[in-house]
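Observations on the model geometry
So the chains spell out like this:
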Amino acid sequence: MALLIQQPVQGTSSSCGNVIIQTTHCFSRSTFQLHIPSPLRLRRATSVSVTPTTCSTKSPKERTNKKSSGLVSTRHQADPKRELSRILRTDAAVKSIERKANSEKYNTLWPKAVLEALDEAIKENRWQSALKIFNLLRKQHWYEPRCKTYTKLFKVLGNCKQPEQASLLFELMLSEGLKPTIDVYTSLISVYGKCELLEKAFATLEYMKSASDCKPDVFTFTVLISCCCKLARFDLVKRVLLEMSCLGVRCSAVTYNTILDGYGKASLFEEMENVLADMIEDGDSLPDVFTFNSIVGSYGNGGNTRKMESWYNRFQLMGVQPDITTFNILILSFGKAGMYKKMSSVMDYMEKRFFSPTVVTYNIVIETFGKAGRVEKMEDVFRKMKYQGVKPNSITYCSVVNAYSKAGLVSKIDSVLRQVVNSDVVLDTVFFNCIINAYGEAGDLATMKELYMQMEERKCKPDKITFATMVKTYAAHGIFDAVRELEKQMISTCENSGKKRLMG
């Protein structure tokens, strides 16, 4: 394959997340402060839920009555039982704080428990719990207002699309006598941007500029540009760039990569290449591997594999080497185009250059062969994946089930289900939707209903796709009583998602 005949590239083993590639940017202010230009941080996302990494609960092997080899000191190793006890005590304290958040009488709580409970709620994007715990925090006699706490809360409100709550929180912050920092303003701009309220985002920027000692920096402008790109408001991107120029704020590598990615996703390839030319001409922010992946991925997603290969070679001539994400992009793009030989060539090249395929790599290949109806080839890759010690996740099993369902191989779906039951794979609503649909199309209504009931047991909440799939199946078989019952449950779920419901 022409694009892979290059000088040897030293590969590294990488453990990507459990999702297929999407060059979405995740910003961190430290990225800008510590090193400019700095690499763009990618968050790989997919249309399905991200499966959290599970930690083993097995305790380390006992080392009693054995002498240390002298290579590793064992004197300060923690006792597993004590460590587990500490974790359980902390967890109980956090849950206790969440219960007390609804009360008015607690004002002398343990600071560590309150702050950990708040961090936990923010981490899990439970914005209502986070605000309740924050109100409890403010009642404590030891409480001191901090901008950092407000910044964290703005983040969760942005993730949960709660702009009104963010506005109220900002007013509360001002009433406590706190002077907003650059991070606070930037987080608030991000909230409005994520909620598609660009007018408010720009108004916040103007308010920030009017502050005497809190001028927007490259991080602030990059966050605003990212919001504009996601909404395809490239006219506003140009306005932001002009404003940056007037204020003497130079673009960083992350800024350029954000704009490149936005133009690429919008299939504005000429504008994308113009921005890349500006980036190279700038001299301070040279293209990096994230620039590489944005350009190659944009042409690959657009089906232009010839351009994709051309840019793959050109970036290497510029001294930018590919990483595991680059190869995943190539495999995905060739797979979509039905170029299976080139897809296999990339896999072979990876092995020769010591790039270990990750779960993402295997998921792409399995899904590609499954959609193409090449079940035997898919099974070979699935077996190789497990032989290589790469653990399948819910996305892997979804792809395999969909392939078997499409081929009418219901007995093999039973086999996959047994594998999943005997594994520690964390199942999600998407997997249940996939397996329910497979048995529904096969006409196995009893198994379909049983799987629906298991969703409740595994605390997987049915969504609109779950109900639509089952309604369609029951309607096709003329079971209209079940259809009406499901429609009631769907309405009830939308109105009160917290209550448990069983199918009658």
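One can find the structure itself at the top, above this paragraph.
What comes next concerns the included structure. Along every chain, residues carry numbers that run from 1 in the direction the sequence is written. In view of the model being predicted, local features appear only for residues whose pLDDT reaches at least 70, and side-chain atom pairs are presented and counted only at 80 or more, with totals across whole chains, interfaces and linings using the full set of residues. For side-chain calculations, the full set of non-hydrogen atoms in the structure is used, while hydrogens and water are omitted.

**Notes on the side chain of T220**
The condition that has to hold: Numbering of helices and strands starts at the N terminus; helices are DSSP runs of H or I of at least 4 residues and strands are runs of E of at least 2. We call a residue buried when its accessible area falls under 20% of the maximum for its residue type, exposed when it is over 50%, and partly exposed in between, using a 1.4 Å probe and counting protein chains only. By the criterion applied in these results, polar contacts are pairs of N or O atoms within 3.5 Å in which, for protein atoms, one can donate a hydrogen and the other can accept it, and in which residues neighboring in sequence qualify only through two side-chain atoms.
Looking at the secondary structure, you find T220 in helix α9 (residues 218-230). In this structure T220 comes out as buried when scored by relative accessible area, which is 1%. In this structure the side chain of T220 is engaged in a polar contact, spanning 2.8 Å, whose partner is the side chain of T186.

**Topic: the packing of aromatic side chains**
Put simply, the test is: Paired rings are identified among Phe, Tyr and Trp, the last through its six-membered ring, by centres lying within 6.5 Å, and are further divided according to the angle between planes into stacked (under 30 degrees), edge-to-face (over 60) and tilted (the rest).
One pass over the structure, following the stated rule, counts 15 aromatic pairs. With 5.2 Å between their ring centres and 80° between their planes, F134 and Y150 make a pair best called edge-to-face. Of this pair, F134 sits in helix α4 (residues 127-138) while Y150 sits in helix α5 (residues 147-159); the two residues are 16 residues apart in sequence, bridging distant segments of the chain. Judged by centre distance (5.7 Å) and plane angle (35°), the rings of Y340 and F369 are tilted. With Y340 in helix α16 (residues 340-352) and F369 in helix α17 (residues 359-371), this pair connects stretches of sequence that are 29 residues apart.

**Focus: helix α14 (residues 305-317)**
Basically, it comes down to this: For a helix, the expected span equals 1.5 Å multiplied by the residue count minus one. Residues count as neighbours in contact if any of their non-hydrogen atoms are within 4.5 Å of one another.
The terminal C-alpha atoms of α14 lie 19 Å apart, and with 13 residues this matches the ideal 18 Å at 1.5 Å per residue to within 8%. T305, M308, E309, W311, Y312, N313, F315 and Q316 are the residues of α14 that are buried. In this structure, the buried side of α14 is in contact with α12 (269-282), α13 (289-301), α15 (324-336) and α16. Phi turns positive one or two residues past the end of α14, at G319, with a value near 90°.

**A short note on the pattern of salt bridges**
Note the cut-off: A side-chain nitrogen of Lys or Arg and a carboxyl oxygen of Asp or Glu constitute a salt bridge if their distance falls within 4 Å.
According to the stated counting rule, one finds 19 salt bridges in the structure shown. For E309, the salt bridge goes to K342, with nearest N and O atoms at 2.7 Å. Here the residue E309 occupies a position in helix α14, and K342 occupies one in helix α16, the gap between them amounting to 33 residues. Residue classification places E309 among the buried residues on the basis of a relative accessible area of 10%. Classification of K342 by relative accessible area gives partly exposed; the value is 25%. In this structure, E379 engages K412 in a salt bridge whose closest nitrogen and oxygen atoms are separated by 2.8 Å. With E379 in helix α18 (residues 375-387) and K412 in helix α20 (residues 410-421), this pair connects stretches of sequence that are 33 residues apart. Relative accessible area serves as the criterion here: at 13%, E379 is assigned to the buried category.

**Notes on a positive patch on the surface**
Here is the rule: A patch consists of residues whose relative accessible area exceeds 30% and which take part in no salt bridge; residues with like charges are grouped when within 9 Å of each other, and nonpolar side chains (Val, Leu, Ile, Met, Phe, Trp, Tyr) when within 5 Å. All accessible areas in this document rest on Shrake-Rupley with a 1.4 Å probe, and a residue is counted as covered only by the protein chains that are shown. All tallies of charge rest on Lys and Arg as positive and Asp and Glu as negative; His and the ends of each chain are not included. We put the charge of a Lys on NZ, of an Arg on CZ, of an Asp on CG and of a Glu on CD.
Among the surface-exposed residues, K155, K161, K194 and K230 lie close enough to one another that they form a single positively charged patch. Locating K230 in the fold gives a position in helix α9.

**Things to note about the nonpolar core**
Nonpolar side chains in soluble globular proteins tend to end up buried together. The line we're drawing: To form a nonpolar core, buried Ala, Val, Leu, Ile, Met, Phe, Trp, Tyr and Cys residues must be joined to one another through side-chain atoms within 4.5 Å.
Counting residues in each nonpolar core, the largest one holds 129 residues, and the members touching the most others are F154 and I435. If we skip the residues at most four places from it in the chain, I435 touches V401, I413, L417 and L451.

**Some words on unusual backbone geometry**
A positive phi angle, near 60°, is found at N125, a position not held by glycine. Here N125 is to be found in the loop between α3 (111-123) and α4. Positive phi outside glycine occurs at F354, with the angle close to 65°. With respect to the helices, strands and loops of the structure, F354 is situated in the loop between α16 and α17. Residue F354 is classed as exposed on the basis of its relative accessible area of 61%.

**Quick look at α13**
The end-to-end C-alpha separation of α13 is 18 Å, in line with the 18 Å expected for 13 residues at 1.5 Å each. Most of α13 is tucked away: 12 of the 13 residues are buried. Within α13, burial applies to V289, F290, T291, F292, N293, S294, I295, V296, G297, S298, Y299 and G300. Here α13 starts with a cap whose side-chain oxygen sits 3.0 Å from the backbone nitrogen of F290, and that cap is D288. Looking at the residues trailing α13, positive phi occurs at G303, about 80°.

**A closer look at the side chain of D288**
Mapped onto the elements of the fold, D288 is located in the loop between α12 and α13. The buried category is assigned to D288, whose relative accessible area is 15%. Among the polar contacts listed, one links the side chain of D288 to the backbone nitrogen of F290, at a separation of 3.0 Å.

**A closer look at the packing of α12 against α13**
A pair of packed helices is captured by two measures, namely the crossing angle of their axes and the spacing between those axes. What counts here: As a rule, the C-alpha atoms of each element are fitted with a line to give its axis, helices using only the stretch in contact, and angles between N-to-C directions run from 0 to 180 degrees. In what follows, roughly perpendicular refers to angles from 65 to 115 degrees, roughly parallel to angles under 35, roughly antiparallel to angles over 145, and oblique to any angle outside these ranges. Whether a crossing is left-handed or right-handed is set by the direction in which the near helix is turned from the far one by less than a right angle, anticlockwise for left-handed and clockwise for right-handed. In this classification, Asp, Glu, Lys and Arg are treated as charged, Ala, Val, Leu, Ile, Met, Phe, Trp, Tyr, Cys and Pro as nonpolar, and every other residue, Gly included, as polar.
Closest axis-to-axis distance for the α12/α13 pair is 11 Å, and the angle between their directions is 165°. The orientation of α12 relative to α13 falls into the category roughly antiparallel. In the packing of α12 onto α13, the handedness of the crossing is left-handed. Residue-level inspection shows F269, M272, E273, L276 and M279 of α12 in contact with α13, the latter providing T291, I295, S298 and Y299. Partitioned by chemical class, the residues of the contact of α12 with α13 number 6 nonpolar, 2 polar and 1 charged.

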